[in-house]
Amino acid sequence: MTEQIDMSAWQGRVDTGEGERARRWHQWVRPLAPDAPAGVALVGFACDEGVRRNQGRTGAALGPGALRRALANLAWHGDRYLHDAGDVVCADEQLETAQETFAARLARLLDEGHLPIGLGGGHEIAFASFSGLFQHLRRHCETPRIGILNLDAHLDLRHAERPSSGTPFRQIAELCERQGMPFHYCCLGVSRPNNTAALFAAADRLQVRYRLDHQVSEDPAEAEALLDRMLAEVDHLYLTLCLDVLPAGQAPGVSAPATHGVALPLVERLVRRAAASGKLRLADVAELNPRLDCDGLTARSGARLIHALLA
């Protein structure tokens, strides 16, 4: 297991003739220092062992670097601090160790007052992210009320002998049960053809709030209302964005592309609503596979959504 801060991805256009207000992400971001002021902290989860175990198309370990490169040339608005906290790298198929390391890194960032943004990596990042948030919050409250918003074509409630990119929300549900906490899980953009009846039965048993991809597309206001009902019941929000929620034409570079999906403007609308709640404590982006990404389109879609989250 290694931890790295490599700033080489942060490069791009410099508009020298337009002054300080022409800044881009690559000009504003700084490597995280021990005494850094609280701000946004990007932290990568360079791992696709969970995707491999889930019989998906591997390559997501390259996702954090691709997301940084896609973010680098975007215009930076505002004056909050932006830090790169490096990557947690999964080595030798040690997924569980990588998740523990990532959770500890996030808990420390949260303790220091940062808003962490996880850059995946497969969706196995979700269990690590939630675990880190829980570690942080339990220092102040034994049973914190945490809501999870997952924008995803998949419920990821699979039962399996070993953790994978298909199991994180079942693992979170089991963690909540052990700790005597409610499981507040809302999944928007679910593809019925790509989730078995057993997964929908598990969702119903766990009282998951979900809407199918076509339902979100046809009635986004109803999806927002569903999200609002969950937000009213929680004090803290964890947002996780699986890029396969987007149509394959907007996100070809993922482990399992969606044939229908939810269009980028609608996903962005939901992201902005989550951020505007005032309860967001942590977010991550998962399942970017640069090996399969035509013209960097998926990475650019992910970067756009991260930008919207912070806007």
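All values derive from a computational prediction rather than experimental measurement.

1. Focus: the overall build of the protein
Step number 1: The helix and strand tally for the protein stands at 11 helices and 10 strands.
Step number 2: In terms of overall size, the protein behaves like a compact globule, its C-alpha atoms giving a radius of gyration of 18 Å where 311 residues would be expected to give roughly 19 Å.
Step number 3: Principal-axis analysis of the C-alpha atoms places the extent of the protein at approximately 60 × 45 × 40 Å.
Step number 4: Look at the contacts in the protein between residues 6 or more apart in sequence, and 78% of them connect residues 24 or more apart.
Step number 5: As displayed, the protein has an accessible area near 13,000 Å², and 48% of this comes from carbon and sulfur atoms.
Step number 6: A gap of 3 Å separates the mean positions of the 33 positive and 39 negative side-chain charges of the protein.

2. Thoughts on the packing of helix α4 (residues 95-111) against helix α5 (residues 125-137)
Step number 1: With their axes 7 Å apart at the nearest point, α4 and α5 run at an angle of 40 degrees to one another. Between α4 and α5, the interaxial angle falls into the category oblique. As for the relative orientation of α4 and α5, their crossing is right-handed in sense. Here Gln99, Phe102, Ala103, Ala104, Leu106, Ala107, Leu110 and Asp111 of α4 lie close against α5, whose contacting residues are Ile125, Phe127, Ala128, Ser129, Ser131, Gly132, Leu133, Gln135 and His136.
Step number 2: Residues that form the contact of α4 with α5 fall into these classes: 10 nonpolar, six polar and one charged.

3. Some details on empty space enclosed by the protein
Step number 1: Here the structure, examined in full by the defined rule, presents one cavity of 30 Å³ or more.
Step number 2: Of the pockets and cavities examined, the largest cavity occupies roughly 60 Å³.
Step number 3: Around the largest cavity, the lining residues are Ile117, Leu239, Leu241, Val271, Ala283, Asp284, Val285, Leu305, Ile306 and Leu309.
Step number 4: Contributing elements (two or more residues each) for the lining of the largest cavity: β9 (236-242), β10 (280-286) and α11 (297-310).
Step number 5: The residue makeup of the lining of the largest cavity, split by class, is nine nonpolar, no polar and one charged.

4. A few points about unusual backbone geometry
Step number 1: Residues Gly120 and Gly121 are joined by a peptide bond in cis, for which omega reads 15 degrees.
Step number 2: Within the element layout of this structure, Gly121 appears in the loop between β5 (115-120) and α5.
Step number 3: Its identity is not glycine, yet Asp92 carries a phi of approximately 55 degrees, on the positive side.
Step number 4: If you trace the backbone, Asp92 turns up in the loop between β4 (82-89) and α4.
Step number 5: Backbone geometry places Glu287, a non-glycine residue, at a positive phi of 75 degrees.

5. Observations regarding helix α7 (residues 197-205)
Step number 1: Residues Leu199, Phe200, Ala202 and Ala203 constitute the buried set of α7. The buried residues of α7 occupy an angular sector of 155 degrees when the element is viewed end-on, so they sit on one face. Summarising the geometry of α7, the exposed residues directed more than 90 degrees from the buried face are Ala197, Ala198 and Arg205.
Step number 2: Structurally, α7 contributes buried residues whose contacts are with α6 (168-179), β7 (184-190) and β8 (209-212).

6. Things to note about the pattern of salt bridges
Step number 1: Enumeration according to the criterion identifies 21 salt bridges in this entry.
Step number 2: A salt bridge links Glu233 to Arg209; the nearest nitrogen and oxygen atoms lie 2.8 Å apart. Here Arg209 lies in strand β8 and Glu233 lies in the loop between α9 (220-231) and β9, a separation of 24 residues in the sequence.
Step number 3: Note that Asp228 is salt-bridged to Arg273, the shortest N-O span being 2.7 Å. Taken together, the residues span a long stretch of sequence, with Asp228 in helix α9 and Arg273 in helix α10 (residues 264-276) at a distance of 45 residues.
Step number 4: A relative accessible area of 32% places Arg273 in the partly exposed class.
Step number 5: Counted as one network, the salt bridges with shared partners bring together Glu49, Arg52, Arg53, Glu93 and Glu96.

Procedures and definitions
- Residues numbered from 1 in each chain as written.
- Predicted model: local features only at pLDDT ≥ 70, side-chain atom pairs only at ≥ 80, totals over all residues.
- Heavy atoms only, no water.
- Helix = DSSP H or I, 4+ residues; strand = E, 2+ residues; numbered from the N terminus.
- Rg over C-alpha atoms; globule rule 2.2 N^0.38 Å.
- Contact = heavy atoms within 4.5 Å.
- Areas by Shrake-Rupley, 256 points an atom, 1.4 Å probe, with all protein chains shown as cover.
- Lys, Arg positive; Asp, Glu negative; His and termini not counted.
- Charge placed at Lys NZ, Arg CZ, Asp CG, Glu CD.
- Axes fitted to C-alpha atoms, helices over the stretch in contact; angles between N-to-C directions.
- Parallel < 35°, antiparallel > 145°, perpendicular 65-115°, else oblique.
- Left-handed = near helix turned anticlockwise from the far one by under 90°.
- Nonpolar A, V, L, I, M, F, W, Y, C, P; charged D, E, K, R; others polar.
- 1 Å grid on protein atoms, 1.4 Å probe; cavity = no way out; pocket = protein on both sides within 12 Å on 5 of 7 lines; lining within 4 Å.
- Points joined across faces, edges and corners; volume = space filled by probe spheres on them.
- Buried < 20%, exposed > 50% of the residue type's maximum accessible area, 1.4 Å probe, protein only.
- Arc of directions from axis to C-beta.
- Salt bridge = Lys/Arg side-chain N within 4 Å of Asp/Glu carboxyl O.

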